[in-house]
Amino acid sequence: MTQAHRTAAPADLILAWYDRHHRDLPWRVSPPMAARGVTPDPYRIWLSEVMLQQTTVGAVKSYFALFTSRWPTVSDLANADTEDVMKSWAGLGYYARARNLKKCAEAVAFQHGGVFPDTEDGLKTLPGIGDYTAAAIAAIAFNRKSAVLDGNVERVISRLHAIETPLPAAKPEMRTLVAAMTPADRPGDFAQAMMDLGATICTPRRPACALCPLNADCRVLGREDPELYPRKAAKKEKPVRLGAAFVAEDETGAVFLRKRETSGLLGGMTEVPGSAWTARIDGETGTAAAPFPAEWQASGTVTHVFTHFELRLTVYRSKISRIADAGEGWWQPKETLDGEALPTVMKKAIKQAIPDAFQKARKA
DNA sequence: AAGTCGGGGCC
DNA sequence: GGCCCAGACTT
């Protein structure tokens, strides 16, 4: 085979690109670090992968720093107070991840001797670890030759092979193609390289094809608009739900809070009292669902978009003397609201009623 | 296979 | 305003 007709294998092209353009991330062992003998910590790889599920790198960084600082090992996390974990996760979203994170840490610490399973199948038995995360940890932390397929890789593969089958039906086909590409030599770096490629070059819009190490192999480039890939099933529209939220402030400035059910939407998180969130758009959202009688003053509305519906909350506020029978809940001093397990929609509601309720947003 | 489950950044 | 993001889990 002559050199002129021989094309380098895609995996080699991607790894060569990765060696030059990889991003330095807090949980990553970069090729230069690896050359100095640094090995990945499965705990940190696992923690980062769970945080990164459907979540951007920028959103994760400060949370990763907080968690690894408070709980440096999986055993530390396993022995932590669950409520502290929920408080630390507040704002990151998909709160079932936090509940499963704690369960997984307990399983590793108390049933696996504090050591993560080092195979894809073993990892997949743990709470919160599915197909993607098991493959990613196996590849990145244990150098297993597993096929890592996330949203980034789906985009790269769909364009590289001009896959016409829409997602999610195309996933098995894509996984097979990724498995065929994955090298035995550096599977962990290959996985991270493919995801970096999707995050920085093969982007959803305006991909930088001129800079792509695979542009000579791409079946879409030069024939169609890459933005048309991956094909996706049509999505249904988001319904609107309405509700009321009640922000009560006592004579000391404390706010009345309560705890949500442990499962379902915002499960296990803290809330201000409110009505059910109904799909009806007729009828006013009144104070019928108020937690106790008070002079409730309407103080505007907040809108919050969840994954499958849009919520419009009418916010009511009142200043009352602390009453003995306020129902399930507690009065939280205003200056300590920041540390509570309040999801973003609840912070919005409180801020609507009491604009100076929070110190300032947590920044990276 | 479809529905549930957050939040923010980007265009 | 819509789209996307290192998806998992339930039904």
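All values reported here derive from a predicted model rather than from experimental measurement. (Residues numbered from 1 in each chain as written. Chains lettered and ligands numbered in written order. Predicted model: local features only at pLDDT ≥ 70, side-chain atom pairs only at ≥ 80, totals over all residues. Heavy atoms only, no water.)

**With respect to the protein's contact with DNA strand B**
Part 1 of the reasoning: Of all residues adjacent to DNA strand B, which total 18 residues, the nearest are Tyr95, Leu266, His304, Thr307 and Thr344.
Part 2 of the reasoning: The share of sugar and phosphate among atoms of DNA strand B within 4 Å of the protein is 63%.
Part 3 of the reasoning: In this structure, a phosphate oxygen belonging to DNA strand B sits 2.4 Å away from a main-chain N or O atom of leucine 266.
Part 4 of the reasoning: Residues that form the surface near DNA strand B fall into these classes: 8 nonpolar, 9 polar and 1 charged. (Near = heavy atom within 4 Å. Polar contact = N/O pair within 3.5 Å; in protein donor to acceptor, adjacent residues only side chain to side chain. Nonpolar A, V, L, I, M, F, W, Y, C, P; charged D, E, K, R; others polar.)

**A look at the protein's contact with DNA strand C**
Part 1 of the reasoning: In the region of DNA strand C, 26 residues are neighbours, and Glu49, Gly128, Asp150, Asn152 and Arg155 sit closest.
Part 2 of the reasoning: Considering the 4 Å shell around the protein, atoms of DNA strand C inside it are sugar or phosphate in 67% of instances.
Part 3 of the reasoning: Arginine 155 is positioned with one of its side-chain polar atoms (N or O) 2.4 Å from a phosphate oxygen of DNA strand C.
Part 4 of the reasoning: Of all elements in the fold, only helix H9 (131–142), helix H10 (151–160) and helix H12 (187–200) reach the threshold of two or more residues within the surface near DNA strand C. (Helix = DSSP H or I, 4+ residues; strand = E, 2+ residues; numbered from the N terminus.)

**Looking at helix H6 (residues 82–89)**
Part 1 of the reasoning: Residues of H6 that are buried include every one of Val85, Met86, Ser88 and Trp89, and no others. The buried residues of H6 occupy an angular sector of 165 degrees when projected down its axis, which confines them to one face. (Buried < 20%, exposed > 50% of the residue type's maximum accessible area, 1.4 Å probe, protein only. Arc of directions from axis to C-beta.)

**Here we look at the packing of aromatic side chains**
Part 1 of the reasoning: Applying the stated criterion across every chain yields a total of 14 aromatic pairs.
Part 2 of the reasoning: Judged by centre distance (5.2 Å) and plane angle (75 degrees), the ring pair of tryptophan 27 and phenylalanine 64 falls under edge-to-face. Taken together, the residues tryptophan 27 in the loop between helix H1 (10–21) and helix H2 (31–35) and phenylalanine 64 in helix H4 (residues 57–70) connect sequence positions 37 residues apart.
Part 3 of the reasoning: Aromatic side chains phenylalanine 256 and phenylalanine 292 sit 5.5 Å apart centroid to centroid with 75 degrees between the ring planes, which places their arrangement in the edge-to-face category. On the criterion of sequence distance, the pair formed by phenylalanine 256 in strand E2 (residues 255–259) and phenylalanine 292 in the loop between strand E3 (270–271) and strand E4 (297–305) is long-range, its members being 36 residues apart. Comparing phenylalanine 256 with phenylalanine 292 shows no difference in burial state: the two are buried.
Part 4 of the reasoning: Through pairs of rings, three or more aromatic residues link up here, namely Phe246, Phe256, Phe292, Trp296, Tyr316 and Trp331.
Part 5 of the reasoning: Looking at arginine 231, its charged tip hangs above the ring of tyrosine 229, at a distance of 4.2 Å from the centre. (Phe/Tyr/Trp six-rings, centres within 6.5 Å; stacked < 30°, edge-to-face > 60°. Lys NZ or Arg CZ within 6 Å of the ring centre and 35° of its normal.)

**A few points about the nonpolar core**
Part 1 of the reasoning: With 99 residues, the main nonpolar core has Trp46, Met51, Trp89 and Ile350 as its most contacted residues.
Part 2 of the reasoning: It is H9 that contributes the most residues to this core, 9 residues altogether.
Part 3 of the reasoning: If you count residues domain by domain, this core takes at least three from each of domain 1 (8–228) and domain 2 (240–353).
Part 4 of the reasoning: Setting aside residues up to four positions removed in sequence, isoleucine 350 forms contacts with Val247, Leu257, Val272, Leu337, Leu342, Ala357 and Phe358. (Core = buried A, V, L, I, M, F, W, Y, C linked by side-chain atoms within 4.5 Å. Domains from an automatic or database assignment. Contact = heavy atoms within 4.5 Å.)

**Notes on the packing of helix H3 (residues 42–51) against helix H7 (residues 96–111)**
Part 1 of the reasoning: Orientation of H3 relative to H7, taken along the N-to-C sense of each, is 160 degrees, at an axis distance of 11 Å. Our classification of the angle between H3 and H7 gives roughly antiparallel. The element H3 and its partner H7 pack so that their crossing is right-handed. Touching Trp46, Leu47, Val50 and Met51 of H3 are Arg97, Leu101, Cys104 and Ala105, all from H7. (Axes fitted to C-alpha atoms, helices over the stretch in contact; angles between N-to-C directions. Parallel < 35°, antiparallel > 145°, perpendicular 65-115°, else oblique. Left-handed = near helix turned anticlockwise from the far one by under 90°.)

**Quick word on the domain arrangement of chain A**
Part 1 of the reasoning: Under the domain assignment used here, chain A contains domain 1 (8–228) and domain 2 (240–353).
Part 2 of the reasoning: Placing a centre on the C-alpha atoms of domain 1 and another on those of domain 2 gives a separation of 36 Å.
Part 3 of the reasoning: Each partner contributes residues to the interface: domain 1 has 8 residues there, and domain 2 has 16 residues.
Part 4 of the reasoning: Carbon and sulfur atoms make up 51% of the surface buried where domain 1 meets domain 2, a total of about 780 Å² over both sides.
Part 5 of the reasoning: Summed over the shared surface of domain 1 and domain 2, the result is 2 salt bridges.
Part 6 of the reasoning: Lysine 87 is paired through a salt bridge with glutamate 340; the nearest N and O atoms lie 3.8 Å apart.
Part 7 of the reasoning: Applying the counting rule to domain 1 against domain 2 returns 4 residue pairs in polar contact (both at pLDDT 80 or more).
Part 8 of the reasoning: Per-element tally for the side of domain 1 that touches domain 2: the top contributor is H6, with 3 residues. (Buried area = accessible area lost by both parts, 1.4 Å probe. Salt bridge = Lys/Arg side-chain N within 4 Å of Asp/Glu carboxyl O.)

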